[in-house]
Amino acid sequence: MLRLRGQSKEYQSNFNEDSMLILSSDKNLPDPLKQKYAYIIEDEEKEIPKNFGAYVTFDNQIFALNNENNFYLIPDYMNYLLPGDIVNFKSDGHIWAVFRESARYNTFLLTERCNHYCLMCSQPPKSREDSWLLDIAKKAVELIPRSTQRIGFSGGEPTIYKEGLIDLIEKCAGYLPYTGIDILTNGRAFANSEYSKMLQNADHKDCMICIPLYSDVPELHDYVVQSEDAFDETIKGILNLKALNQKVEIRIVIHKQTIDRLVKTCEYIARNLLFVDHVALMGLEITGFTRANLDDLWIDPYEYKDILSEAVDVLNRYKIPASVYNHQLCTVNDDVINNYVHSISDWKNEYITECKNCSKRHECGGFFSSQVLYRHSDHIKAFE
Ligand SMILES: C[S@@+](CC[C@H](N)C(=O)[O-])C[C@H]1O[C@@H](n2cnc3c(N)ncnc32)[C@H](O)[C@@H]1O
Ligand code: SF4
């Protein structure tokens, strides 16, 4: 698992506050642009180019040889950083890789606050004020390359910012008009039709609102998210968004509490929400609250593979675009392969010893680091 944040052991900083910069090894950048970049010193260069916003190196020796202002020695565990990556530097030596150009997909955590308390929450809610996370995302949007295909914004619950989230989406529409954005939200805020209209007015051409629906039984959905009236408001939110022609994805995390109604939930979607744009059937990440509630949540994916096939079949028959995320190829039936997606973010993606000689390893999504550490299927078996 890649560590996205670190502490520089050696640094000299004149920054008064955070400075977010793009890494570059191009010493010939035009002068007016250089302040937006942190120059990577890789070798013993005779003349270090002047006027960059900061300087970084991965090498102790090189750090010792130079005395540039705003100069950071990158910790070894962050040596994956490359030119084009966007890094937030703090005056106390803290370094945070907020965007990696080489990653398939970058997600921005906008807050840890939430109005749900899901049994399996991978990002357990905290109540402290953390709107600086929204500011970081807003700054990053100004620096992300326009060629970026897709990025995601998650939480906590991003809609707690109300207009603040809409401002961010508007900013994306301006700076990143060709980049698809996913907003991960419990969807309840969109039960307010005025708020749904505000999203529509932000006018991003490719904005997917990704909303979990854990069961067709209202009480069960409310139980999973630990909040009363959640089901009703979530459905109302989905209906409001679709009435305004906004894109909506429904997400179902599969675990012991949701598996029994999985097929029925897909049938409910097909009958009542046929117009949604995508359904994601997601394997369980063993992190956050899931670790504490593991006995109530864990079910081996191999045991539910026939149910998964049935659920996918329902969605396919109704022609609702559907994907299976976060599963290993050897735990699913062949009939879901067309819906199977290699979905785990590269920075938390791993394989285990059994995978070493697997002929399908390159097609397989592998594991979350947390699954490797705490729990994964007992039926992992290499394909010959
Ligand atoms: C942490 S939530 C935050 C966004 C929003 N508050 C929500 O409830 O969707 C982001 C996504 O993670 C999914 N999720 C939560 N816990 C998970 C887990 N243990 N494994 C896999 N996905 C999980 C949710 O379904 C949701 O789509
Ligand atoms: S053995 Fe490993 S690589 Fe092969 S399908 Fe199973 S999990 Fe994937």
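Thresholds applied
- Residues numbered from 1 in each chain as written.
- Chains lettered and ligands numbered in written order.
- Predicted model: local features only at pLDDT ≥ 70, side-chain atom pairs only at ≥ 80, totals over all residues.
- Buried ≥ 20, exposed ≤ 12 C-beta atoms within 10 Å, placed from the backbone.
- Helix = DSSP H or I, 4+ residues; strand = E, 2+ residues; numbered from the N terminus.
- Arc of directions from axis to C-beta.
- Contact = placed C-beta atoms within 7 Å.
- Pairing = 2+ DSSP bridges.
- Axes fitted to C-alpha atoms, helices over the stretch in contact; angles between N-to-C directions.
- Near = placed C-beta within 6 Å.
- Nonpolar A, V, L, I, M, F, W, Y, C, P; charged D, E, K, R; others polar.
- Domains from an automatic or database assignment.

Asker: What is the right way to look at helix 5 (residues 193-202) in this model?
Answerer: Given 3.6 residues per helical turn, the α-helix brings residues three or four places apart onto the same face. Regarding helix 5, the residues found buried are Tyr195, Ser196 and Leu199. Here the buried residues of helix 5 occupy an arc of 105° about the axis, which is enough to place them on one side. Facing away from the buried side of helix 5 by more than 90 degrees, the exposed set consists of Glu194 and Asn201. Those residues of helix 5 that are buried are in contact with helix 4 (163-175) and helix 7 (230-243). Taken from the residues just after helix 5, aspartate 203 is the one with a positive phi, measuring 60°.

Asker: Would you mind showing me how to read the sheet that holds strand 7 (residues 86-89) here?
Answerer: Strands pair in a sheet through their backbones, by hydrogen bonds, and they do so in one of two ways: parallel or antiparallel. The eight strands are arranged 1-8-7-3-4-5-6-2 in an open sheet whose pairing can be described as mixed. Taken across any chain shown, the strands that pair with only one partner, and hence form the sheet edges, are strand 1 (5-7) and strand 2 (11-12). Of the pairings in the sheet, the one linking strand 4 (residues 37-40) to strand 5 (residues 54-57) comprises three bridges and is parallel in character. Residue alanine 38 lies in a different strand from strand 5, and its bridge partner there is alanine 54. In the packing of helix 3 (residues 132-143) onto the sheet, the strands contacted are strand 3 (19-24), strand 7 and strand 8 (94-99), and the crossing angle to strand 3 comes to about 35°.

Asker: Explanation requested: the site of ligand 2 in the structure shown.
Answerer: Around ligand 2 sit 14 residues in total, of which Gln328, Cys330, Cys355, Cys358 and Cys364 are the nearest. In terms of residue class, the shell around ligand 2 is made up of nine nonpolar, two polar and three charged.

Asker: What's the story with the site of ligand 1 in this structure? I'm lost.
Answerer: In the neighbourhood of ligand 1, 21 residues make up the surrounding shell, with Ser122, Leu184, Asn186, Pro212 and Glu285 lying closest. By residue class, the composition of the shell around ligand 1 is 10 nonpolar, eight polar and three charged.

Asker: How do you make sense of the domain arrangement of the protein when you look at a structure like this?
Answerer: Interface extent is often summarised as the accessible area lost during association of the parts. With domains assigned, the protein is organised as domain 1 (5-98) and domain 2 (106-374). The gap between the C-alpha centroids of domain 1 and domain 2 is 35 Å. Listing elements by their share of the side of domain 1 that touches domain 2, those giving two or more residues are strand 3 and strand 7. Residue composition of the side of domain 1 that touches domain 2, by class: four nonpolar, one polar and no charged.

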